[in-house]
Every structure is written in C-alpha cells, then in structure tokens.
Amino acid sequence: MFFSRIATTMLSIHSPASTGFSIGNARIVTADQVLHGTLSVRDGLFAELSSAANGSSADDWQGDYLLPGMVELHTDNLEKHLMPRPKVQWPVLPAILAHDAQIVAAGITTVLDAIGVGDIDPESVRTQTLHACVQGLRSAQQAGLLRADHYLHLRLELAEADLLSLFTPFLQDDRLRLVSLMDHTPGQRQWADLEHYRTYVTGKRGWSEQKVEQMLGVLYERQQQHASHNRRAVVRLCRQQPYPVPLAAHDDTTSDHVLEGVRDGVCMSEFPTTLQAARSAREHGLAIVMGAPNRVRGGSHSGNVSASELARHGLLDMLSSDYVPSSLLHGAFLLQQDGYTLPQAIAAVSRTPARQIGLHDRGEIATGLRADFLRVRCIDEVPVVLGVWKQGRQIA
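Throughout what follows, the structure given in this document is the object of discussion. (Residues numbered from 1 in each chain as written. Predicted model: local features only at pLDDT ≥ 70, side-chain atom pairs only at ≥ 80, totals over all residues. Heavy atoms only, no water.)

Points about the overall build of the protein chain
Thought 1: When helices and strands are counted, the protein chain shows 14 helices and 16 strands.
Thought 2: Considering only intrachain contacts with a sequence separation of at least 6, the fraction spanning at least 24 residues in the protein chain is 68%.
Thought 3: Counting only carbon and sulfur atoms, one obtains 50% of the accessible surface of the protein chain, whose full area is about 16,400 Å². (Helix = DSSP H or I, 4+ residues; strand = E, 2+ residues; numbered from the N terminus. Contact = heavy atoms within 4.5 Å. Areas by Shrake-Rupley, 256 points an atom, 1.4 Å probe, with all protein chains shown as cover.)

Some thoughts on the pairing of strand β2 (residues 34-42)
Thought 1: Pairing between strand β1 (residues 21-29) and β2: seven bridges, direction antiparallel. Its bridge partner being in β2, Ala26 is matched across the sheet by Gly37.
Thought 2: Here β1 folds back onto β2, and the loop between the two strands holds four residues.
Thought 3: Where β2 and strand β3 (residues 45-50) come together, five bridges link them in antiparallel fashion. Paired with Thr38 across the strands is Ser50, a residue of β3. (Pairing = 2+ DSSP bridges.)

Let's talk about empty space enclosed by the protein
Thought 1: For the structure on display, the rule yields two cavities of 30 Å³ or more.
Thought 2: The space that makes up the largest cavity amounts to roughly 50 Å³.
Thought 3: Lining of the largest cavity is provided by Val29, Thr30, Ala31, Pro68, Pro343, Ile346, Ala347, Ser350, Arg351, Gly363, Glu364 and Ile365.
Thought 4: Considered class by class, the residues forming the lining of the largest cavity number seven nonpolar, three polar and two charged. (1 Å grid on protein atoms, 1.4 Å probe; cavity = no way out; pocket = protein on both sides within 12 Å on 5 of 7 lines; lining within 4 Å. Points joined across faces, edges and corners; volume = space filled by probe spheres on them. Nonpolar A, V, L, I, M, F, W, Y, C, P; charged D, E, K, R; others polar.)

Overview of helix α8 (residues 255-264)
Thought 1: Within α8 the residues assigned to the buried category are His257, Val258, Gly261 and Asp264. An end-on view of α8 places all buried positions within 120 degrees of arc, on one side of the element. Within α8, the exposed residues directed more than 90 degrees away from the buried face are Asp256 and Arg263.
Thought 2: Where α8 terminates, the next one or two residues include Gly265, which has phi positive at roughly 85 degrees. (Buried < 20%, exposed > 50% of the residue type's maximum accessible area, 1.4 Å probe, protein only. Arc of directions from axis to C-beta.)

Digging into the pattern of salt bridges
Thought 1: Tallying each qualifying case throughout the model produces 19 salt bridges.
Thought 2: Of the charged contacts in the structure, one is a salt bridge between Asp64 and Arg375, with a shortest N-O distance of 2.8 Å. Of this pair, Asp64 sits in the loop between β4 (59-60) and β5 (65-68) while Arg375 sits in strand β14 (residues 373-379), and the two are 311 residues apart along the sequence.
Thought 3: When its relative accessible area of 4% is taken as the criterion, Asp64 is described as buried.
Thought 4: Using a relative accessible area of 15% as the deciding quantity, one classes Arg375 as buried.
Thought 5: Asp338 is the partner of Arg312 in a salt bridge, and the nearest nitrogen-oxygen pair spans 4.0 Å. Taken together, the residues span a long stretch of sequence, with Arg312 in helix α11 (residues 307-312) and Asp338 in the loop between α12 (327-334) and α13 (342-347) at a distance of 26 residues.
Thought 6: On the accessibility criterion, Asp338 (9% relative accessible area) is buried. (Salt bridge = Lys/Arg side-chain N within 4 Å of Asp/Glu carboxyl O.)

Now the structure itself:
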C-alpha cells in the first residue's frame, strides 16, 4: 500500500504539464543562437519563444541560462551504485534510485544506462547483477519512480567467454538504443600503456603487482579465444533485428580499428584514443564521442588523446559524462575554450546525441519539442544547475 502511494505521487510528477507558464529574462540557448528573451511552455511542450521583454506573468530568471535537458549516451554511473566497492553488491532498487537522482541533479533528462555485459576480470560480480539491474530499471520505470527517461546501452566485453548467452536475451528489449563493441585487454586500445593499466587495477580493483602479472597472461589468452568470434556473432545478431541495433566502436586506437568498425557497420566512435583514429573516424563519417571528465580534467586518465585536442581539430561531436554525471555540463561549457560557440557546445550534450539515437522530440529549445530544460547559472566560471524540468514539470 505504501509503495502504491509513492508510485502514484511519482507518476503525477512525470505526466506532462497540462497548464502553461512563461519564463522571462533568460538567456535561452537554441540550436544556433543565445537569445535574451522569454519562453512559454504549454502541455509539456515549448510553445513560444521571443526576444520580447519580460511579461508581467513570466517568471523572472534574472539572466540565468535556459538550456535543453541533456541527453547522455554512455554512463556507467549506475555500476558505481550497484558495486560501490570491489566485490560489494548493493541492493538494486536503492542503487537505481540513487543513480537516477544523481543523473537528474546533473541536468540529464534522458540517459542511456551503459551496462556492462561481461568483464575482463574473470572474478567480477558484474554478470551476477546484469539481469537484476535491467529488470530493476524496468520495474522502477513502470512504477513511476524514475525522474529521467532511461534507455539501455549495452557495453559488450568481447573477450567474455559467455558473452553471447549473456547478451542475446536483451536483443528484443524495446529500451535498447545502442550496443558498443569493447575490448579492454591490456596492451592495446585504452590500455596500450601497461603502466597506466597497472596503476588503474591496483587502485580500483585492489590487485597486487603479482596478481597483475598473473592476470595479464589470462586476459590475453581469453582475448585470443573469444574476441574475434564474439564480435562477428554480435554484429550478425544486431543486423538481423527488424530494426537493426546501432553499433558503436569503443577505444579505437588505429586507422585499422576504425576500418574494422566501418566494415561491421558501426555509426559511432566512442572515445578514440589517438588523433589518428579520430581523423579516420571523421573520414568515414562516424560520429565521435569523447569523455566530459577528460575535458574537465584537461586530459585522459589513461594517458590517451585529450578531448580538448580533438575539439580543437573539429573532431568532437558529442560528450559523455562516462563516470562523472556532473562533468557533462561543465565539459560542454569548457568546449567554448576550444573554439565552439555556446550553442554548438550545448548541442554536443543535447541535440546531437538525441538525433544520433533517433530521438527527434527533444534535445533542443524549439517550438513543438518536449519541454525538457534546465536553469543554469555560472558561478566562478562553473555552470551550476539550479533547476530541471521534464515535459514542463520540475523534477529537480
């Protein structure tokens, strides 16, 4: 009974606003300009946009930014709540609700939860939480407990021996919007520099130096046995669906990596690790995603190419918050230092990712689109989210 009351309350929050309201004295960031004016919302949609002075009935935003709700294509933030420490599993529903709250507070109104399928660590508990996590997201969504719109991005670890049996049950899930092909075997791609790999696993996974050396051989053997076969099978399965599942290539390092992805029909290059790979991705028409934490920190934690460098070369289409939700908005504003206008920078975290996964009803401040938007104020040059609305209703 108590759960039913909670669900009823949350459902009322998520239903589109049935009445209209206006916001004035706002710096409204559209697809191609920053307009100091007034915006009206009606029945959950953007109704009217003008440069007129603040009307008497409009809410005065005191010159704050009015931005579209952000669209996140790749965040493994949920896994941090499911496994807050190595081999520590947290209850699924509390983890999902904490993740959703953090995502919304960061200004993300639509999110692809990037859930790992398989792991390079044979001792990982990831496979034990996979089905519970996906089902938990559906149950929470059906109960009206989630404030953001949640879809699925399945990240497939190609060296996983049981990958196909783990992945296949989710092919028909109507929330599946993206599949990424990953190979985190040390010695190539993201972990081309083994010293960076050693630092990472000894810190995050708590491995001893002896354990690292032992695992290097195990991981290489698993890659040789499974990666190529799994890749071919996954590509075939995704192509066979009535609506083919979009594919992303992960951590491309060389032009050959990019060409392999092009042959497999990928549409997106996630986190290319070198300038060469990014240039090749651009030449072959792939959309390029880089990590917002990379841009905020000023470089890659793995020692790879920086997001800023790719942006300055015109080789960055979208940002992803990856492992820090709050980095998405901050990273977008920092793109202005790399030659992007503010509308271009905001499009990289809203309109462009929305269009990339076929969501044409959101991601932009424009008449007739969903009224998913943010109130943002810059404090000490850092953009701060003051409010979040989805379909015209405030959710944070």
